[in-house]
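An overview of the molecular structure
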Amino acid sequence: MANVIKLHKGLEINLKGKAKETKILTLASKEYGIVPGNFVGVTPKVVVKEGSHVLAGEALFVNKACEDVKFASPVSGTVSAVLRGDRRKVLCVKIQADEQQEAKDFGCKDMKTLDADSVKQALLEAGLFGYIDQLPYAISTTPDTVPSGIYISALRDKPLAGDFEFELQGNENAFQTGITALSKIAPVTLGIGAKQSAQALTGTQNAEVYVFDGPCPAGNVGVQINNIAPLAKNETVWTVDPTAVVFFGRLFLTGKVDLRRTIAIAGSQVTEPAYTEVLVGTPLADILADRLVKKEHVRIINGNPLTGHVSDLNGYLGAHTSEVTVIPEGDDTHEMFGWIMPRTKEFSTSRSYFSWLLGKKREYDLDARIKGGERHMIMSGEYDKVFPIDIFPEYLIKAIIAGDIDKQEQLGIYEVSPEDFALAEFVDSSKLPLQQIVRQGLDTLRKENA
């Protein structure tokens, strides 16, 4: 029987436009783009040239700090462009897709004959190892790290997030194979939600299953780790997105890299919110073609509204993105006496508006406005109400802003990732970019400890 952990701190934000559990067709794209910035902590070194031909599964770039870590092309085709920014930073590698797709064959693997080293080597050769992250630092890991455990969260509970249980349908065998492969390296822990009932999750083999019952962010892998086995000093754990587990399983079953994933197209500015199956790197213009209520005054988000990245129709589906959401920008909204109106359609955590009288199940059509400027940090305790990790979040943020490394370590910075502060950022009266602040703090510590 699975272990059950009940969480009380958090916040459910019920936004309009949640994807219905139906699949719509997205046609194959002519061009795909892989963005190295999706792999946090990786300094990319491009190993292909414009005009060269690659097969699906062949490397486009490697991690300069550990060149064994490659990053695979999702399709076969011709490298059409390598876009660079300031100081020649690699922004995107584009591939013009072949009409007839070919994939590099890495050979099927027998799980019974594999050990930890052979699993790592298979993932490295196929350009999939970089999909594994680590704590501390919340970055893409390298094969020289020795994890005490591998944690996977199959619970996606952020606003408008895609449901992994729906994505799992038809991929059960690949998911179990991926779990089994990872268990060769270190003990695997799978976190699921109390409402998830798929046998492929509740009956997962070669992993210890924990059920998390509580509001968002119970699905954050960092929250789950903190409630199962808090990170000790000098300890490293790996974290893997459940879709990446499916990628790994497909590799071992078929010998080929298959980066297809089922994502949610959601938000109030989408005509028919639903799911679609696309490849990593698919242009957002193709995903959202003829599916927008309007093309102006909207915010396109590569991800969910809390932790996703602001994008546009020129962007490409991120490597770890399970949904594309579109919400109103709010830049065309003009309210007279807006600050003093009762606001029955706005969401408030403090009952500042009358909307709380209309019930918790109401859907809100929130826009992207911050509604106020950045100001001095207020020690109000509001972070604690939505922060189910056993640290002092406000004091940690202050230590990061002050640059006090010793204090950051004492306050548990190694246990957190930026997404853990997404809800705190949402409720923050000071309007501080908390996720950005935490990311900067983690990057500074990684450089200091290098």
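To be clear, the structure that these remarks concern was listed above.
Residues numbered from 1 in each chain as written. Predicted model: local features only at pLDDT ≥ 70, side-chain atom pairs only at ≥ 80, totals over all residues. Heavy atoms only, no water.

1. Things to note about the sheet that holds strand β1 (residues 3–6)
Taken together, the 7 strands give an open sheet; going across it, the order is β1-β14-β13-β12-β15-β10-β11, and neighbouring strands pair in mixed fashion. Both edges of this open sheet fall to β1 and β11 (139–140), since each of them pairs with a single strand only. Alignment of strand β13 (residues 188–193) against strand β14 (residues 208–213), held across 5 bridges, turns out to be parallel. Its bridge partner lying in β14, G191 is registered against Y210. Set on the sheet, helix α3 (residues 172–183) makes contact with β10 (132–135), β12 (150–153), β13 and β15 (237–240); between it and β13 the angle comes to about 145°. (Pairing = 2+ DSSP bridges. Helix = DSSP H or I, 4+ residues; strand = E, 2+ residues; numbered from the N terminus. Contact = heavy atoms within 4.5 Å. Axes fitted to C-alpha atoms, helices over the stretch in contact; angles between N-to-C directions.)

2. Focus on the packing of aromatic side chains
Applying the stated criterion to the full structure yields 13 aromatic pairs. Look at Y131 and F247: their rings are 5.8 Å apart centre to centre, the planes differ by 85°, and that puts the pair in the edge-to-face class. In this pair, Y131 is assigned in the loop between α1 (116–125) and β10 and F247 in helix α6 (residues 242–254), connecting sequence segments 116 residues apart. Of the two residues, Y131 and F247, both sit in the buried class. Look at F347 and Y364: their rings are 5.3 Å apart centre to centre, the planes differ by 85°, and that puts the pair in the edge-to-face class. Taken together, the positions of F347 in the loop between β20 (323–328) and α8 (393–402) and Y364 in the loop between β20 and α8 put the pair 17 residues apart, joining distant regions of the chain. By the ring-pair criterion, three or more aromatic residues cluster together here, those being F39, F61, F71, Y131 and F247. (Phe/Tyr/Trp six-rings, centres within 6.5 Å; stacked < 30°, edge-to-face > 60°. Buried < 20%, exposed > 50% of the residue type's maximum accessible area, 1.4 Å probe, protein only.)

3. As for the packing of α1 against α6
Interaxial distance between α1 and α6 falls to 11 Å at its minimum, and their mutual angle equals 100°. Judged on the interaxial angle alone, α6 and α1 are roughly perpendicular. In contact with V119, A122 and L123 of α1, α6 contributes F248, L251 and F252. Residue classes in the contact of α1 with α6 are distributed as 6 nonpolar, no polar and no charged. (Parallel < 35°, antiparallel > 145°, perpendicular 65-115°, else oblique. Nonpolar A, V, L, I, M, F, W, Y, C, P; charged D, E, K, R; others polar.)

4. Thoughts on the side chain of K158
Positionally, K158 belongs in the loop between β12 and α2 (164–167). Among the residues examined, K158 registers a relative accessible area of 12% and is labelled buried. At 2.6 Å, the side chain of K158 forms a polar contact with the side chain of N220. The contacts of K158, once residues within four sequence positions are left out, are C216, N220, N304, T307 and E419. (Polar contact = N/O pair within 3.5 Å; in protein donor to acceptor, adjacent residues only side chain to side chain.)

Taken by themselves, the reported measurements are silent on function.
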